[in-house]
Amino acid sequence: MNKNEQISALILAGGRGSRMGHVDKGLQPFRGTTMVQHVLERLAPQVGSIAINANQNLDAYAAFGVPVWPDETTGFAGPLAGLEAGLRHCATPYLVTAPCDSPFLPADLAARLFDALQAQGADIALAVTQEAGMRKQPHPVFCLVKTSLLPVLSQYLAEGGRKMDGWYADLKVAEVLFEDGDAFRNINTLDELRTFDAKMGSGPQNHTPAPALAASGSGPADLTPFSAPRLKDVVSCLSDYDPDALPVRHAQKIIGDFITPVRSVEKVALRSALDRVLAADIISPINVPAHDNSAMDGYALRGADLRADGPTTLKVISTVFAGRPNDAVPGAGECVRIMTGGVMPAGCDSVIPQEHVAAISDTEITIDAGAIRTGDNRRFAGEDLKAGSPALRKGKIIRPADLGLLASLGIAEVPVQRRLRVAFFSTGDELRSIGEPLDAGCVYDSNRYTLYGMLTRLGCDIIDMGIVRDDPQALEDALRNACENADAIVTSGGVSVGAADYTREIMAKLGDVTFWKIGMRPGRPLAFGKINSGGKSAFLFGLPGNPVAVMVSFYFFARNALLAMMGAEAPLPLLRVKSLGAIRKKSGRTEYQRGILSVDANGQQQVAITGSQGSGILRSMSEANCMVVLHDEMGNVNAGDMVDVLLFEGLV
Ligand code: AMP
Ligand code: MG
């Protein structure tokens, strides 16, 4: 691999642009194009691939033809959060960063940082400049980082660290002195931008297209608004549709029929493919195993030599170790000592495990009649997978075993669906964020944390938009902003018919949204549809506000839909177990009761429901290890009846 191919570049464009009057810095016009385009062009020849870290105007950045990664740590946590997102997605061993407002960055930035890092055995290399008679000035946003440092950085951020030079305090840093201080000039204010732009002239630039980060075909979501169905068309397929008494399964079906997948693929390094959605069938390029081989430590022999009427004595002519085939070809009456995984010698079709050999010397073995049959303990080439046969199907969520399988095929890069961008916020004047004083009559916003957890487990790129007041303009702004930046929006609260809830009204105004009362408990109110703003569209899940209801509604409506948008199919697995006690249940609606699954004295699984089942009691959700799903048609459950449960462990 040459130097460039080992390095990816990340352009840091994730700031709020506050000093630019809240405009996005990177997208500002500069010398006939935009600032970020200049940075792209200067970095492109230096590295194998480029991506941008941005937290707003994602599609505008994606239009440059490179992947765009928003922060994972929320709240505009600064350049380190951008670096974290870049490291997470980086498919090469090194990542070099530069800010989006440094259009003059050195043409040898990546190479010099890389050389210094290698020479000094450092973890990070960063640029420094020094003016005559002055102290050295470090430029920590111009740095080259080992991709393997992601966990160190994530921990630093998780502990609240935000300072660029704080996180590598305990790491080995190589400083690289650059002569040209002007190369690191950045443009911070609109005034500076205008001054520079005028000074430098704005002649047309020579645009070389930038390579995408180890990927092709990534780009903005392909949500085709014209061919997509309208909700009323989808709903008309149901004969007895009643939005005010909709069975769970009808709501699930409508959502499933209305959703369209986001088609955008990126290639990632094998390890990074864990938990991602496979975007193409993987066809095995080789036979696995590649050769017939032994399943045991023992002796490879020709079955035809085995006598049925008494012991067989064979001469040992050679030894085969795993990974070291040799060309010994045993003749009649001969065998080869062989280790597990050793390639079967020509002519041999069976292996006798060494512990089944009756007598052994260095040169001879004796085998009792009937000790093995011909063909025993021989693994065939292609037994696991034949060359040309499908190893993994598109749409599969890649698990540890799949990583192993892909590795066994020698596959280093995997095509996966790009992560789904999901924006979420809570609505309600009574909500306070943690860290704020809890005024009279108020509650802390817990739903955003529950949603954060569930969406993160689902593998989404999340945009936490905070709390939005019960105010029409604030709601409209939030929904529009979410719609323009995300593939899907999840809100909580405001979808029932409370007096101060404007959520429904604004959702309906912005697109094709329907409001249901679902035959379920907890839950019931749910908004679903698609909204449009600024030429973009996003699917909308308006979940109820009650803390348990929001989880239940997420798991049973949003989860599968979001997975379908990612091109994955992973239906919720329900187990059937014995109910320890009687459960009161009204027929005609689906009830989700929090349960505790345990094992009885005979090793049989059983479930008991937790105490209070109120839809606001999050404690019971936390105590539970499963949810008991009592379907529409069911009435009261007797002790000992079998019921369906959804296990929380392993649930995404
Ligand atoms: P709503 O659906 O907006 O009528 O809210 C129903 C109930 O859930 C009210 O008691 C709210 O205070 C509560 N609630 C709504 N959103 C949240 C939230 N984000 N965190 C905690 N409780 C909430
Ligand atoms: Mg409310």
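Everything below is about the structure shown above.
Quick caveat, the model's predicted, so the values are computed rather than measured. (Residues numbered from 1 in each chain as written. Chains lettered and ligands numbered in written order. Predicted model: local features only at pLDDT ≥ 70, side-chain atom pairs only at ≥ 80, totals over all residues. Heavy atoms only, no water.)

Participant: Explain the sheet that holds strand 29 (residues 525-533) here, please?
Facilitator: Within a beta sheet, neighbouring strands are joined by backbone hydrogen bonds and run either parallel or antiparallel to one another. Ordered by their spatial adjacency, 6 strands build an open sheet running 25-22-26-30-29-27, and the pairing between neighbours is mixed. Either end of the sheet is taken by a strand with one partner, and the two such strands are strand 25 (461-468) and strand 27 (511-517). The sheet shows a mean angle of 15° between the axes of neighbouring strands, taken without regard to direction. Here strand 22 (residues 421-427) pairs with strand 26 (residues 488-492) via 5 bridges, running parallel. Note on strand 26: the bridge partner recorded for Ser 426 is Ser 492. The sheet contacts of helix 9 (residues 248-258) involve strand 27, strand 29 and strand 30 (536-543), and relative to strand 29 the element is tilted by about 15°. Helix-sheet contacts for helix 13 (residues 503-510) involve strand 22, strand 26, strand 27, strand 29 and strand 30, and the interaxial angle to strand 27 is about 140°. (Pairing = 2+ DSSP bridges. Helix = DSSP H or I, 4+ residues; strand = E, 2+ residues; numbered from the N terminus. Axes fitted to C-alpha atoms, helices over the stretch in contact; angles between N-to-C directions. Contact = heavy atoms within 4.5 Å.)

Participant: Mind showing me how you'd approach the packing of aromatic side chains here?
Facilitator: How two aromatic rings sit relative to each other is set out by the distance from centre to centre and by the angle between their planes. Counted by the stated rule, this structure contains 10 aromatic pairs. Judged by centre distance (6.1 Å) and plane angle (75°), the rings of Phe 554 and Tyr 555 are edge-to-face. Judged by relative accessible area, Tyr 555 falls into the buried class, the value being 9%. Against the face of Phe 178 rests Arg 112, its NZ or CZ located 4.5 Å from the ring centre. One Lys or Arg, Arg 185, reaches over the ring of Phe 104 and ends 4.5 Å from the middle of that ring. (Phe/Tyr/Trp six-rings, centres within 6.5 Å; stacked < 30°, edge-to-face > 60°. Buried < 20%, exposed > 50% of the residue type's maximum accessible area, 1.4 Å probe, protein only. Lys NZ or Arg CZ within 6 Å of the ring centre and 35° of its normal.)

Participant: Whenever I open this one, the nonpolar core confuses me. Can you help?
Facilitator: Core analysis: the largest hydrophobic core is formed by 57 residues, its most contacted members being Phe 541, Phe 554 and Leu 562. By residue number, the principal contributor to this core is helix 14 (residues 547-565), which donates 13 residues. The contact partners of Leu 562, leaving out residues within four places of it in the chain, are Leu 420, Val 422, Leu 455, Leu 458, Ala 488, Phe 541 and Phe 554. Of all hydrophobic cores here, the second largest spans 40 residues; its members include Leu 40, Ile 50, Leu 58 and Phe 114. (Core = buried A, V, L, I, M, F, W, Y, C linked by side-chain atoms within 4.5 Å.)

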